[in-house]
Amino acid sequence: MFFMHKLHLCHFLLTQHMPPGMYSIFFLILWQALSLMFDISLFLRHNFARVWTLASEKLTSLEIGYISSVTVTELLSPNVGPHQCPNQIRPSILPGIQKLLLSVDYITDTMVGTISKGLVLLTHLELRDAPLIEPRITFDLTNSGLQQINQHGKLKHLSLIRSQEFHITYFKRVNDLGILLMADKCANMESICLGGFCRVTDSGFKTILHSCSRLYKLKVSHGSQLTDLVFHDIAATSLSLTHVSLRWCNLLTNHAIRSLVCNMGLKVLDLRDCRNIGDEALRAIGSLCKLKMLLLDGTDISDVGIAYLQHGIIGSLVSLSVRGCKKLTDKCISALFDGSSKLQLEELDLSNLPNLSDNGVLTLARSRVPISELRMRQCPLIGDTSVMALASMQVDDDRGHGSSLRLLDLYNCGGITQLSFRWLKKPYFPRLRWLGVTGSVNRDIVDALARNRPFLHVACRGEELGTDPWNDLDGSDMHDYEELDELEQWLQEREGESDDEEMEDAEDDAFVVME
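Definitions and cut-offs
- Residues numbered from 1 in each chain as written.
- Predicted model: local features only at pLDDT ≥ 70, side-chain atom pairs only at ≥ 80, totals over all residues.
- Heavy atoms only, no water.
- 1 Å grid on protein atoms, 1.4 Å probe; cavity = no way out; pocket = protein on both sides within 12 Å on 5 of 7 lines; lining within 4 Å.
- Points joined across faces, edges and corners; volume = space filled by probe spheres on them.
- Nonpolar A, V, L, I, M, F, W, Y, C, P; charged D, E, K, R; others polar.
- Salt bridge = Lys/Arg side-chain N within 4 Å of Asp/Glu carboxyl O.
- Buried < 20%, exposed > 50% of the residue type's maximum accessible area, 1.4 Å probe, protein only.
- Helix = DSSP H or I, 4+ residues; strand = E, 2+ residues; numbered from the N terminus.
- Contact = heavy atoms within 4.5 Å.
- Patch = residues over 30% accessible without salt bridge, like charges linked within 9 Å, V, L, I, M, F, W, Y side chains within 5 Å.
- Areas by Shrake-Rupley, 256 points an atom, 1.4 Å probe, with all protein chains shown as cover.
- Pairing = 2+ DSSP bridges.
- Right-handed = clockwise from strand over helix to strand, strands pointing away.
- Axes fitted to C-alpha atoms, helices over the stretch in contact; angles between N-to-C directions.
- Parallel < 35°, antiparallel > 145°, perpendicular 65-115°, else oblique.
- Left-handed = near helix turned anticlockwise from the far one by under 90°.

Visitor: For this particular structure, what's the right way to read empty space enclosed by the protein?
Guide: In this approach a probe as big as a water molecule rolls over the atoms, and the regions it shows empty are the leftover space. Following the criterion strictly, the structure yields four cavities of 30 Å³ or more and no others. Put simply, the largest cavity is a space of about 80 Å³. S116, L119, V120, L122, L125, N150, Q151, H152, G153, K154 and L155 together form the lining of the largest cavity. Of the residues belonging to the lining of the largest cavity, the class tally is five nonpolar, five polar and one charged.

Put into structure tokens, the structure is as follows:
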């Protein structure tokens, strides 16, 4: 405890269920940032509020995994505290908070107003809800709630997201008027993320673009009324957008992208699930020489469109995702990795491509591109040959075979058999930490592999590996894996030959069953 106090702890992740009485000990530390990634509703509201009175005034960043909107409102309202006289007003709680990230049951006018009024230093606000049922008006966000945002004029980053996780629902009580009222107070906003605003049209979104001259990050999801017109005259603005996400905006076409690329400084572009985006959009995107992350999942692109990237942005891209682009074939791999330019690509998602085969992966392996994350889940034509090619791939002469891969997702690939597991053992893939496979191939072999490589996380139930770019859009936290440290290497060497023999036994048993 003294050690943490001495270092002036900047970030603490609390994931365990602790008795309320323990909180007073922890809050004595001079926290600057605190993440409570558990369900706050596990604790009585009056006990929870009492604990927060002990929080350090130096706490500037707070993230809570789940908390009800009512609890947030009661916590931040300057009302009479418990066991206080009616004329005694409770002092402000969390007066120094500048960054607040909350996952709640409902985003409401009352909660938004309380946050905006009570946290006078707030510069960064992220609110996400996931309603179980359609919200009533008293438990929903309306135009009135948007009008209360940024009362103190310090807000730089705003995110309001309605998740479709449990129930297909939207912010149906917000329209263009609400966006207009909010924009009046958000001229200095730098980042705006809006998800689920189904009644906001081009007029509302254009108000943001023309009112927020300092905006560099725009993220819109489920913008069901967002069309090409919103970007028609974006060149006339003073904007210098670097991060743009337009996910599930199905009315957008190639024309919108041709207008958008006038922002030559774009570093992140997310067009996932925009079904009408095609090859002509990629022709325009090819001119963005600073682009680092390009997400095209579920779009209408083909091999021809991918070829437009070959002599343009492919040399600058760090992350590329074409998951679910059904028209792509092995030719797209040849177009990307023809060896004509030095590539920086680290993350590549080729999942759910029905026409991608082992031949495409062989081309990728020959290119010797230092990819650290490769996802090929749900590809029926990918088989053992792909695993052998990747296992034999050498990025440079100083490292082992398959040395660059940290994450490999082969879940539900149609041609993967027990043979592939021989190539997933040591010494192949020495840096691999995440592996996705289908457990039904043979559970004994999967278990033996997990024991053979104790530092390898093997997922065989179809779960996604790593982080979601949707929640890490800016790419600033791209995976920076540590090298294999001496302790880990020593432990692996101590495994000896026993684990190898155990895995070979499991393989032999599997082949006997097959015969």
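Still to come is the rest of the account.
Visitor: Would you take a moment to explain the pattern of salt bridges for this structure?
Guide: Side-chain pairing between opposite charges can occur once the charged atoms of the two side chains come close. A full pass over the atoms with the stated rule returns 14 salt bridges. Put simply, D270 and R272 hold a salt bridge, and the shortest N to O gap is 2.9 Å. Just as D270 is buried, R272 falls in that class too. Measuring nitrogen to oxygen at the nearest pair gives 2.9 Å for the salt bridge that ties R377 to D409. Here the residue R377 occupies a position in the loop between β14 (373-375) and α14 (384-392), and D409 occupies one in strand β15 (residues 407-409), the gap between them amounting to 32 residues. Here the two residues R377 and D409 agree in accessibility, since each one is buried. Members of the salt-bridge network, linked through shared partners, are R323, D349, R377, D409 and E464.

Visitor: Would you mind showing me how to read the environment of I382 here?
Guide: Mapped onto the elements of the fold, I382 is located in the loop between β14 and α14. Among the residues examined, I382 registers a relative accessible area of 0% and is labelled buried. When neighbours within four sequence positions are excluded, I382 is seen to be in contact with L356, S357, D358, V361, M376, C413, G414, G415 and I416.

Visitor: How should a nonpolar patch on the surface be read in this particular structure?
Guide: Taken together, L132, I133 and F166 make up a surface patch of nonpolar side chains, about 340 Å² in accessible area. On the secondary structure map, F166 appears in the loop between β6 (157-162) and α7 (176-183).

Visitor: What exactly am I supposed to notice about unusual backbone geometry here?
Guide: Negative phi characterises most residues that are not glycine, and trans characterises most peptide bonds. For the peptide bond that leads from K426 to P427, omega is 10 degrees, which places it in the cis range. Structurally, P427 can be placed in the loop between α15 (418-422) and β16 (434-436). Positive phi values are uncommon outside glycine, yet Q378 reaches one of about 60 degrees. Within the fold, Q378 resides in the loop between β14 and α14. You will see that F429, though not glycine, has its phi angle at about 50 degrees, which is positive. For F429, the position within the fold is in the loop between α15 and β16.

Visitor: Would you mind showing me how to read the pairing of strand β5 (residues 124-129) here?
Guide: Looking along a regular strand, one sees the side chains alternate between the two faces of the sheet. Examined bridge by bridge, strand β4 (residues 99-104) and β5 share six bridges and lie parallel to one another. The partner of L100 across the bridge, within β5, is L125. As a crossover connection, the stretch from β4 through helix α5 (residues 109-118) into β5 is right-handed. Here β5 pairs with β6 via six bridges, running parallel. Note that in β6 the partner of R128 across the bridge is I161.

Visitor: Even after reading the chapter, I still don't get the side chain of D409, so can you show me in this structure?
Guide: For D409, a relative accessible area of 0% gives the class buried. Setting aside its immediate chain neighbours within four residues, D409 contacts L374, R375, M376, R377, G436 and L465.

Visitor: It is not clear to me how helix α13 (residues 358-367) should be interpreted in this structure. Could you clarify?
Guide: Because each turn of an α-helix spans 3.6 residues, side chains separated by three or four positions in sequence point in the same direction. Looking at α13, one finds that the buried residues are D358, G360, V361, T363, L364 and A365. On its buried face, α13 is in contact with α12 (330-336), β13 (347-349), β14 and α14. R368, located one to two residues past α13, shows a positive phi value of around 60 degrees.

Visitor: Help me out: how do you make sense of the packing of α7 against helix α8 (residues 202-211) in this one?
Guide: When two helices pack together, their arrangement is given by the angle between their axes and by how far apart the axes lie. Across the interface, α7 lies against α8 with an axial gap of 8 Å and an inter-helix angle of 10 degrees. One element, α7, and the other, α8, form an angle in the roughly parallel class. Crossing of α7 against α8: the hand is right-handed. Along the contact surface, α7 presents D176, I179, L180 and A183, while α8 presents S203, G204, T207, I208 and S211.

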